[in-house]
Amino acid sequence: MQSSSYFLHLFVAVALAGAATMHVSAPVALPLGSLRLEGRLSFDESDLSSAARDFGNRGRLLPAVVVRPASAADVAATVRHVFRQGGGRSGTLTVAARGHGHSLHGQAQAAGGVVLSMESLAAGGGMTPAVVWPGAEAYVDASGGALWIDVLRESLKQGMAPKSWTDYLHLTVGGTLSNAGVSGQAFRHGPQISNVLQLEVVTGKGEVMNCSDKENADLFHAVLGGLGQFGIITRARIALEPAPKMVKWTRVLYSDFRSFMEDQEMLTSSMESFDYVEGFVIINRTGILNSWRSSFDPQDPVRASKFDSGGRVLFCLEMATNFNREEVESKNKQVERLLSKLRYIPSTLFQSEVSYLEFLDRVHVSELKLRSVGLWEIPHPWLNLFVPRSRIHDFAREVFGKILKDNSNGPILLYPLNRIKWDNRTSAVIPDEEIFYLVAFLSSAPSQSSLEQVLKLNSEVLEFCNRAGIRMKQYLPHYTTQEEWRAHFGDQWDRFSQRKEIYDPLNILAPGQRIFHKAGVQYSSSTWQ
């Protein structure tokens, strides 16, 4: 069964044309003549252009060279060579690790520098799921350039799977672990960075280091959620659990935000709950339930057909329960028991049963449809926020229906996360409350005018938070000055900057984040719209 047309319609609005800015850097005399690799260097115009693209599709910074590493040794040799040259003859050469190109603001780009194509590393690395011995923790060793969908498929061969996911699996392991990696399983297992046992990392000095909670622990925690600032993840050991065969997938609607919020929090704090819980905000839309019918079955078809959203702000609670065939009866009773505690609109209960792989890879179905009609590679001016629970009502009251009159530009996710599942030794930044909400505005801009409209609305949301004193934190953050980054990290800034001095003292790595600027490297704020 495919992902619903409702999600597809929300994920990206009908597109007319992309809008992006190309920035061509001044020629750099690359001191790479003595570099010897198993992989290869490419100066081909098409390769350079591809390395300057990302999912955000709002600005492009051309590198001088693309390196396709065949091993971690290639990654280390490249970084070490740049480090020993002092960052290039002019001291401005930088290195960016690029995974599947899903960054939003050029975070994996390097103007006039070196881009490491990490998917080339994955092609030669493979994955090695561990044999599960009694009392041992199962894991999979995966290349930092491996896609999560491939990690899943390889793990499933052993009847296992990682515990925590992102909604979209065609992202690299190193990419999501450099941020956090969140989805509807995070309330139970924490983000993906809370489920890593060991890393192999190439630091900004070109050193290859193994690290874990017990070995080189400071580097281990620095790199997790570290936005690529301290090292390049070349391999990760990821915790596994037994994989189910099937998923019972449920959607319901709410018209009252407080009930929606309280029910989500009840589910994400209870011992007995669903295995996945996420929420969506739906503003001023009609025909919602009809769009679900292609993928879900209504419990009461007659009442569902009479449901009228009436242009209201509605809230969708999406839940999933994992099961195996022999557990059908007991799992169905569990789902019924959990649903009986919820205060959703009765006529809006829709359910479906799909394979575990199909559920986890659900967004890819939408991607394929959008690519087939040329609607995938357009600007995506996303805004992802972590909002403290104490202010989520204030946020929702002002933003949903006032600042945002509809969500025709893309879906809006809203669901709670538990701070206790996050490790405060990592570099990830979250609000200082036990419960906080991910609020993700996943907009698409089909034209220049729609891009400007979305950016204006994003600015209004941020301005409201600032004006109202809502101490939110950006997830997948984008700032252009160190002052803004200092404010983002707050009291974690000193630790973050000290780690940078230790592991990447010449500011070689991940220049596209614009946190630490190298002398002589200029990034125009107008490059990104």
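Provided above is the structure to which this section pertains.
About the thresholds
Residues numbered from 1 in each chain as written. Predicted model: local features only at pLDDT ≥ 70, side-chain atom pairs only at ≥ 80, totals over all residues. Heavy atoms only, no water. Helix = DSSP H or I, 4+ residues; strand = E, 2+ residues; numbered from the N terminus. Buried < 20%, exposed > 50% of the residue type's maximum accessible area, 1.4 Å probe, protein only. Contact = heavy atoms within 4.5 Å. Polar contact = N/O pair within 3.5 Å; in protein donor to acceptor, adjacent residues only side chain to side chain. Core = buried A, V, L, I, M, F, W, Y, C linked by side-chain atoms within 4.5 Å. Phe/Tyr/Trp six-rings, centres within 6.5 Å; stacked < 30°, edge-to-face > 60°. Expected span 1.5 Å × (residues − 1). Pairing = 2+ DSSP bridges. Axes fitted to C-alpha atoms, helices over the stretch in contact; angles between N-to-C directions. Salt bridge = Lys/Arg side-chain N within 4 Å of Asp/Glu carboxyl O. 1 Å grid on protein atoms, 1.4 Å probe; cavity = no way out; pocket = protein on both sides within 12 Å on 5 of 7 lines; lining within 4 Å. Points joined across faces, edges and corners; volume = space filled by probe spheres on them. Nonpolar A, V, L, I, M, F, W, Y, C, P; charged D, E, K, R; others polar.

## Considering the environment of E367
For step 1, the next point in the chain: Positionally, E367 belongs in helix α14 (residues 362–372).
For step 2, the next point in the chain: According to the relative accessible area criterion, E367 is buried, its value standing at 4%.
For step 3, the next point in the chain: A sequence separation of 199 residues divides E367 from Y168, and the C-alpha atoms of the two residues are 9.6 Å apart.
For step 4, the next point in the chain: Beyond its immediate chain neighbours, meaning those up to four positions away, E367 contacts Y168 and W376.
For step 5, the next point in the chain: Among the polar contacts made by the side chain of E367, one reaches the side chain of Y168 at a distance of 2.6 Å.

## Focus on the nonpolar core
For step 1, the next point in the chain: Counting residues in hydrophobic clusters, the biggest one holds 86 residues, and the most contacted among them are W148, V173, L177, L199, L253 and W422.
For step 2, the next point in the chain: Every residue in contact with L253, bar those within four places of it in the chain, is listed here: I282, I288, L289, W292, F307, L314, F315, C316, Y344, I345 and T348.

## Thoughts on the side chain of S443
For step 1, the next point in the chain: Relative to the assigned elements, S443 resides in the loop between β20 (435–441) and α16 (448–468).
For step 2, the next point in the chain: The class for S443 is buried, based on a relative accessible area of 9%.
For step 3, the next point in the chain: Not counting the four nearest positions on each side in its chain, S443 is found in contact with P379, H380, P381, W382, N409, G410 and V454.

## Let's talk about the packing of aromatic side chains
For step 1, the next point in the chain: One pass over the structure, following the stated rule, counts 26 aromatic pairs.
For step 2, the next point in the chain: Measuring from ring centre to ring centre gives 5.2 Å for F55 and W376, while their planes differ by 50°; the resulting arrangement is tilted. With F55 in the loop between α2 (45–51) and β3 (60–61) and W376 in the loop between α14 and β18 (383–388), the pair connects residues that are 321 residues apart, well separated along the chain.
For step 3, the next point in the chain: For W376, a relative accessible area of 5% translates into the label buried.
For step 4, the next point in the chain: Considering the side-chain rings of F489 and W493, the 6.0 Å spacing of their centres and the 45° angle between planes classify their relative orientation as tilted. Like W493, F489 is buried.
For step 5, the next point in the chain: Chaining the aromatic ring pairs together yields one cluster made of F230, Y479, W485, F489, W493, F496 and F516.

## Considering helix α3 (residues 72–84)
An α-helical turn contains 3.6 residues, so a residue and the one three or four places further along point in the same direction.
For step 1, the next point in the chain: Between its first and last C-alpha atoms α3 spans 18 Å; for 13 residues at 1.5 Å apiece the expected length is 18 Å, and the two agree.
For step 2, the next point in the chain: Here α3 has its buried residues at A72, D74, V75, A76, A77, T78, V79, H81 and V82.
For step 3, the next point in the chain: Backbone geometry just after α3 places G86 at a positive phi near 75°.

## A closer look at the sheet that holds strand β16 (residues 313–323)
For step 1, the next point in the chain: Overall, antiparallel pairing links the nine strands, which are arranged β15-β17-β13-β16-β14-β19-β20-β18-β21 in an open sheet. Unpaired on one side and paired on the other, β15 (297–298) and β21 (473–475) mark the two borders of the sheet.
For step 2, the next point in the chain: Inspection of the sheet shows β18 paired to β20 by six bridges, in the antiparallel sense. Within β20, the position partnered with F386 by the bridge is L438.
For step 3, the next point in the chain: Packing of helix α9 (residues 257–269) onto the sheet brings it into contact with β13 (246–254), β14 (276–283), β16, β19 (412–418) and β20, and relative to β19 it is tilted by some 45°.
For step 4, the next point in the chain: Contacting β18, β20 and β21, α16 runs over the sheet at an angle of about 20° to β18.

## Description of the pattern of salt bridges
For step 1, the next point in the chain: In the structure shown here, the tally under the stated rule is 24 salt bridges.
For step 2, the next point in the chain: With its nearest N and O atoms 3.6 Å apart, the salt bridge here joins K333 to E329. Of this pair, K333 and E329 are both found in helix α12 (residues 328–339), four residues apart, which corresponds to roughly one turn of the helix.
For step 3, the next point in the chain: Residues participating in the shared-partner salt-bridge network are R258, E262, D263 and R343.

## Remarks on empty space enclosed by the protein
For step 1, the next point in the chain: Using the criterion set out here, one finds six cavities of 30 Å³ or more in the structure.
For step 2, the next point in the chain: Its boundaries defined by the atoms lining it, the largest cavity holds a volume of some 970 Å³.
For step 3, the next point in the chain: Secondary structure elements with two or more residues in the lining of the largest cavity: α1 (5–11), β5 (95–98), α6 (173–177), β12 (231–242), β19 and β20.
For step 4, the next point in the chain: Examining the composition of the lining of the largest cavity, we find that four residues originate from one element, β5, more than from any other.
For step 5, the next point in the chain: In the lining of the largest cavity, the residues fall into 26 nonpolar, 19 polar and two charged.

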